[in-house]
Amino acid sequence: MIIGKKACLCAVEREDLKELLDWRNRPDFRQYFREYRELNISQQEVWFTNKVMNDPNTLMFAIRDSQNKQLLGCCGLVYINWISRHADLSLYVGFENAYIDDKGLAEEACHLLIKYAFYELGLNKIWTEIYDFDTKKQNLYKKLDFHQDAILREHYFYKEQWHDSFILSLLAKDYDK
């Protein structure tokens, strides 16, 4: 368990899958995810078994309230490249249908995850892909000092429109500052 003031990161448990699936399938959340399809519980269980429990290149966490341990969301490091020492950051807060909340839960979860990635796992870079209309994550990652590495022009099709993807990253040496 990785403990912060408001949130803590814990192992995802099988009992969490239904609530995580409900949040993940919300159309207003799903628009921001690379996996755009609505998933069923069987697919969620396959993800849990194959990725969360058995993939050494995926480290997923349940975001919980530090005090009462209520499930708040999910975050993790995916596509971990242990040779080049980088990983893709995955994150959402489902509590109160926030996606990325204004109470600082997502920000604290990111700090906890980033510290874990750099100081415990020895990774050098955390990166993420977000879409041009995802202003909540743009603001969050700006606060966390992520840098824009690339723009993938017209990379995502949503609501009959093409959207750019931004590739953002944070290096361990920049986080130390």
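Given the structure is predicted, the values throughout are model-derived calculations rather than measurements.

**Q** Looking at this model, I keep getting lost on the side chain of Asp 134. Mind explaining?
**A** Note on placement: Asp 134 falls in the loop between strand E6 (125–131) and helix H5 (135–143). One buried charge, Asp 134, has no salt-bridge partner; the nearest side chain with opposite charge is Lys 137, at 4.8 Å. In terms of polar contacts, Asp 134 uses its side chain to reach the backbone amide nitrogen of Lys 137, at 3.2 Å. If we ignore the near neighbours within four places in the chain, the residues touching Asp 134 are Tyr 32 and Tyr 99.

**Q** For this particular structure, what's the right way to read the sheet that holds strand E5 (residues 86–93)?
**A** In any sheet, the strands associate via hydrogen bonds between backbone groups, in a parallel or an antiparallel arrangement. With mixed pairing, 8 strands are arranged side by side in an open sheet as E1-E2-E3-E4-E5-E6-E8-E7. Edge positions in the open sheet fall to strand E1 (2–3) and strand E7 (147–158), since each of these has one partner strand only. The strands touched by H5 within the sheet are E5, E6 and strand E8 (161–171), with E6 carrying the most contacts at an inclination of about 155 degrees.

**Q** What should I look at first to understand the packing of helix H4 (residues 105–120) against H5 in this one?
**A** Helix-helix packing is characterised by the crossing angle of the two axes and by the distance between the axes. Between H4 and H5, the shortest axis-to-axis distance is 11 Å and the interhelical angle comes to 50 degrees. Taken together, H4 and H5 sit at an angle that is classed as oblique. With respect to the hand of their crossing, H4 and H5 are arranged in right-handed fashion. Residues Ala 106, Glu 107 and Cys 110 of H4 pack against Leu 140, Tyr 141 and Lys 143 of H5. Residue classes in the contact of H4 with H5 are distributed as 4 nonpolar, no polar and 2 charged.

**Q** Would you take a moment to explain the pattern of salt bridges for this structure?
**A** Proximity of charged atoms lets side chains of opposite charge pair with each other. Tallied over the full model, the rule gives 10 salt bridges. A salt bridge links Glu 38 to Arg 30, with the nearest nitrogen and oxygen atoms 3.6 Å apart. The buried category is assigned to Arg 30, whose relative accessible area is 16%. Between Lys 143 and Glu 107 there is a salt bridge, with its nearest N and O atoms 3.4 Å apart. On the criterion of sequence distance, the pair formed by Lys 143 in helix H5 and Glu 107 in helix H4 is long-range, its members being 36 residues apart. On the basis of relative accessible area, Glu 107 is assigned to the partly exposed category, the value being 24%.

**Q** Please clarify how helix H3 (residues 41–53) should be interpreted in this entry.
**A** In an α-helix, one full turn covers 3.6 residues, which means residues spaced three or four apart are oriented alike. When we look at burial in H3, the residues that qualify are Gln 44, Phe 48 and Val 52. For H3, the secondary structure elements touched by its buried residues are helix H1 (17–24) and strand E3 (59–65). By the N-cap criterion, in which a side-chain oxygen at the helix start approaches the backbone nitrogen of a residue two or three places on, H3 is capped by Asn 40, the distance to Ser 42 being 3.0 Å.

**Q** Quick question: what am I supposed to make of the nonpolar core here?
**A** Counting residues in each nonpolar core, the largest one holds 57 residues, and the members touching the most others are Leu 91 and Tyr 141. When residues of this core are assigned to their parent elements, the largest contribution, 9 residues, is made by H4. Once residues lying within four places of it in the same chain are set aside, the contact partners of Tyr 141 are Leu 89, Leu 91, Cys 110, Thr 128, Ile 130, Phe 146 and Leu 168.

**Q** Even after reading the chapter, I still don't get the pairing of E7, so can you show me in this structure?
**A** Remark: a regular strand shows side chains that alternate across the two faces of the sheet. Bridge count for E7 against E8 is 8 bridges, and the pairing is antiparallel. In the sheet register, Tyr 156 faces E8, and the bridge partner there is His 163. Linking two consecutive strands that pair antiparallel, namely E7 and E8, is a turn of 2 residues; a positive phi of about 50 degrees is found at Lys 159 within it.

Quick notes on the rules
- Residues numbered from 1 in each chain as written.
- Predicted model: local features only at pLDDT ≥ 70, side-chain atom pairs only at ≥ 80, totals over all residues.
- Heavy atoms only, no water.
- Helix = DSSP H or I, 4+ residues; strand = E, 2+ residues; numbered from the N terminus.
- Buried < 20%, exposed > 50% of the residue type's maximum accessible area, 1.4 Å probe, protein only.
- Lys, Arg positive; Asp, Glu negative; His and termini not counted.
- Salt bridge = Lys/Arg side-chain N within 4 Å of Asp/Glu carboxyl O.
- Polar contact = N/O pair within 3.5 Å; in protein donor to acceptor, adjacent residues only side chain to side chain.
- Contact = heavy atoms within 4.5 Å.
- Pairing = 2+ DSSP bridges.
- Axes fitted to C-alpha atoms, helices over the stretch in contact; angles between N-to-C directions.
- Parallel < 35°, antiparallel > 145°, perpendicular 65-115°, else oblique.
- Left-handed = near helix turned anticlockwise from the far one by under 90°.
- Nonpolar A, V, L, I, M, F, W, Y, C, P; charged D, E, K, R; others polar.
- Core = buried A, V, L, I, M, F, W, Y, C linked by side-chain atoms within 4.5 Å.

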